[in-house]
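Observations on the model geometry
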Amino acid sequence: MKSFLPLNIRIDNKRILFVGGGKIALHKIKTVVQYTRNISIVSPEIQDELHQMGFTEIRKEYETSDLEGFFLVYACTSNLEVNRRIKNDAAAYGIMVNVVDNRELSDFISPAVIKQDEMTIAVSSNGENVKKAVAWRNTLKSIVQRGDFQGTCQSQGNELVKTTAEIGIPVPDLHKKGYVYIIGAGPGDPELLTIKAARVLCEADVILYDDLVSSDLVAQFSARKIYTGKRKDSHHFEQDAINEEILRHAQEGKIVARLKGGDPFIFGRGGEEIEVLREHGIGYEIIPGITAAHGASAYTEIPLTMRKVSSSVAFCTGHPVSKVQVPDTDTLVYYMVASTVHEVLDAVALKGRNDTTPVAIVQNATRYNQKIITGTLGELRKGDKQVNSPALLIIGDNIRHSIEDNWYSKKKKIVIAGEDFSHSGSAESVKIHFTCKRDGAGHTVGERDEPVDLNFIDEIYFSSPSCVSDFHTVYQAFPEKIRVKTADQATQEEYVKLFRAC
Ligand code: SAH
């Protein structure tokens, strides 16, 4: 079997040749250009986007002598015979060659890469499972993206070693018997997934996920995905059916990731699911998640406890109304209140809470479309505010005024249509990914279950002309206030043609 040694090769002052000027070459060059611009392209035709990148172009058919003076060669033609010839010629010259999509012919292969300043993370599967390497890269990317990971590594030097080792450890054979992980996905922001959850999701054979788990989050993993939430005909999967589904996959010997919104043990029915596994002798683990109350608290600047103001907090359900309780704690948090918020507020008032007590309703906490409604208990009882699910109700003196203006609301919300090759600024912004048709295998336009609510968006980035047209098929227009950025001239022209023509 071929094996590939990972190395970082010095390439300054070395020339790199690409044979081929189409999509394949473009894709490779987008990685290489992050390290050197000393690139030449030999091809009778060179596609526009590549041409605009401004490398040395030799517009003709490939000949052996083209290889002279180059350090590395990428054979990116769509003709296997030509690629084979390049390989043989390069061997005669003593030049290392990468033949795209052909590890047998390649002297070196390209890992899936994340580059941030001087740091590079490269993921390789020895050329055997490109999809898996890309899935790993995407998971790591989501961890790295806002620099939070970097912060952790700097402050806890030894932890870095432990954490990366942990990510790399394959799931033990023991689990081949079938094993279930009950995992909390957090309240919405995909970066609120724990490192442990991300590692397990990478290794899982099947992911069964709920309504509250964002499709962007699950899309990063290569496992088979089964949606167990509300279906189009608005029928829920019954809990029994879900339990059976988990059991069935486990009994087939699979590693099953049962992914739930927030934390599995806070109104998450995780307890019922492990009950069934226990009965059938299936091994399991529980990975906690950030519950909606904690997400909402952090992303709206409402401390759930606060010295001298609130020394206790209760998590309660607002549904069904007949079950609503009002414990005697300083802070009250109600889950599942979208249709019962007024009844819950009445119950709280009836219990003797002052009319001036501050109240916040937080919809879509930690997501790009987070919305906060505030007022006093008296005011909100009178109002008839429309509340959309998912929403939390928080009541207590720990809620300060003007929480609408919080750190999260100040972040720029950017829709990235297509691949995020050159668009930076991740620390200051929240990115919402719009999957384009030509982006990757098997994706369809607008795969998200829900369309993006453009009223919350500050900027849209289009990575290619075809992404502009894919986006246009879903959203024919968008609010004027949204800034548009495009990857290149051709994309800009397509944008003007489709969105600004009239
Ligand atoms: N296990 C979940 C709760 C599931 S019950 C957790 O720990 O968070 C579903 C309820 O959770 C919703 O009705 C809503 O009240 C709350 N919820 C979940 N995600 C939310 C979000 N992003 N914003 C506001 N409320 C949310």
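Definitions and cut-offs
- Residues numbered from 1 in each chain as written.
- Predicted model: local features only at pLDDT ≥ 70, side-chain atom pairs only at ≥ 80, totals over all residues.
- Helix = DSSP H or I, 4+ residues; strand = E, 2+ residues; numbered from the N terminus.
- Buried ≥ 20, exposed ≤ 12 C-beta atoms within 10 Å, placed from the backbone.
- Contact = placed C-beta atoms within 7 Å.
- Near = placed C-beta within 6 Å.
- Domains from an automatic or database assignment.
- Pairing = 2+ DSSP bridges.
- Axes fitted to C-alpha atoms, helices over the stretch in contact; angles between N-to-C directions.
- pLDDT = per-residue confidence, 0-100.
- Expected span 1.5 Å × (residues − 1).
- Arc of directions from axis to C-beta.
- Parallel < 35°, antiparallel > 145°, perpendicular 65-115°, else oblique.
- Left-handed = near helix turned anticlockwise from the far one by under 90°.
- Nonpolar A, V, L, I, M, F, W, Y, C, P; charged D, E, K, R; others polar.
- Core = buried A, V, L, I, M, F, W, Y, C linked by C-beta atoms within 7 Å.

Focus: the overall build of the protein
Secondary structure summary: the protein contains 15 helices and 21 strands in total. For the protein, buried positions account for 35% of its 502 residues. Within the protein, residue pairs in contact and separated by at least 24 positions form 62% of the contacts whose partners lie at least 6 positions apart.

Thoughts on the site of the ligand
In the vicinity of the ligand there are 24 residues, among which G262, T291, A292, A365 and P390 approach most closely. Every element with two or more residues in the shell around the ligand is listed here: α11 (292-300) and β17 (391-395). Shared between two domains, the shell around the ligand holds at least three residues of each, these being domain 2 (170-290) and domain 3 (293-395).

Quick notes on the sheet that holds strand β10 (residues 224-227)
The sheet built from five strands is open, its strands ordered β10-β9-β11-β8-β12 with parallel pairing. The outermost strands of the open sheet, each flanked by one partner alone, are β10 and β12 (283-287). On average, each strand axis in the sheet is tilted by 20° relative to the strand beside it, whichever way the strands run. Helix α10 (residues 270-279) contacts β8 (179-184), β11 (255-260) and β12 of the sheet and is inclined by roughly 175° relative to β8.

Observations concerning the confidence of the model for the protein
In this model, the protein carries a mean pLDDT of 87, and residues with pLDDT of at least 70 account for 88%. Every residue in residues 148-175 is under pLDDT 50, and counting partners more than four places away or in other chains gives 13 contacts. Every residue in residues 439-448 scores below 50 in pLDDT, and together they form 14 contacts with partners more than four places removed in sequence or on other chains.

Digging into helix α9 (residues 239-251)
In this model α9 runs 18 Å from its N-terminal to its C-terminal C-alpha over 13 residues, within 8% of the 18 Å that 1.5 Å per residue would give. Within α9, burial applies to I242, N243, I246, H249 and A250. End-on view of α9: buried residues confined to an arc of 135°, all on one side of the axis. The exposed residues of α9 that point more than 90 degrees off its buried face are D240 and A241. Those residues of α9 that are buried are in contact with β8, β9 (206-209), β11 and α10. Just beyond α9, the residue with positive phi is G253, at close to 90°.

Some remarks on the sheet that holds strand β20 (residues 459-462)
Pairing is parallel across the open sheet formed by four strands, whose spatial order is β19-β18-β20-β21. The sheet terminates laterally at β19 (429-434) and β21 (483-486), the two strands that pair on one side only. Along the sheet, successive strands turn relative to each other by an average axial angle of 20°, direction set aside. Of the strands in this sheet, β18 (412-417), β19 and β20 touch helix α14 (residues 465-474), which is tilted by about 130° from β20. Where helix α15 (residues 489-499) meets the sheet, it contacts β20 and β21, and its direction lies at approximately 140° from that of β21.

So, the environment of S110
With respect to the helices, strands and loops of the structure, S110 is situated in the loop between β5 (96-99) and β6 (112-116). By the C-beta count within 10 Å, which is 18 here, S110 ends up partly exposed. In the structure, S110 is positioned 79 residues away from T31 in sequence and 9.0 Å away in space, judged by C-alpha atoms. Ignoring anything within four residues of it in the chain, the contact list for S110 reads K28, T31 and N98.

Overview of the packing of α9 against α10
In contact at an axis separation of 10 Å, α9 and α10 are set at 45° when each is read in the N-to-C sense. Put simply, α9 runs oblique to α10. Helix-helix and strand crossings are classified by hand; for α9 and α10 the assignment is right-handed. Counting all contacts with α9, which are made through Q239, N243, I246 and L247, the residues of α10 involved are E272, E273 and V276. Looking at the contact of α9 with α10 residue by residue, the classes come out as three nonpolar, two polar and two charged.

Describing the nonpolar core
Core analysis: the largest hydrophobic core is formed by 36 residues, its most contacted members being I183, L201 and A257. Listing elements by their share of this core, those giving two or more residues are α4 (130-144), β8, α7 (195-203), β9, α9, β11 and α10. Those residues in contact with I183, other than ones at most four positions away along the chain, are A197, V200, A257, R258, L259, K260, P264, I287 and G289. Of all hydrophobic cores here, the second largest spans 32 residues; its members include A293, V313, V337 and A360.

Things to note about the pairing of strand β14 (residues 331-335)
Most of β14 is tucked away, with four of its five residues classed as buried. Both strand β13 (residues 313-317) and β14 contribute to a ladder of five bridges, which runs parallel. In the strand pairing of β14, V313 is matched with T331. With three bridges connecting them, β14 and β17 associate as antiparallel partners. Paired with V333 across the bridge in β17 is I394.

Description of the environment of R483
Counting through the fold element by element, R483 comes out in strand β21. Counting along the chain gives 26 residues from R483 to I457, while the straight-line C-alpha distance between them is 9.0 Å.

A word on helix α3 (residues 80-93)
The end-to-end C-alpha distance of α3 is 20 Å, a good match for the 20 Å that 14 residues give at a rise of 1.5 Å each. All of the buried residues in α3 are N83, I86, D89 and A90. In an axial view of α3, the angular spread of the buried residues amounts to 125°, which keeps them on one side of the axis. Turned more than 90 degrees from where α3 packs its buried face, E81, N88, A91 and A92 sit exposed. In this fold, the buried residues of α3 make contact with β1 (16-19), β4 (72-75) and β5. Downstream of α3 by one or two residues, G94 has phi in the positive range, about 75°.

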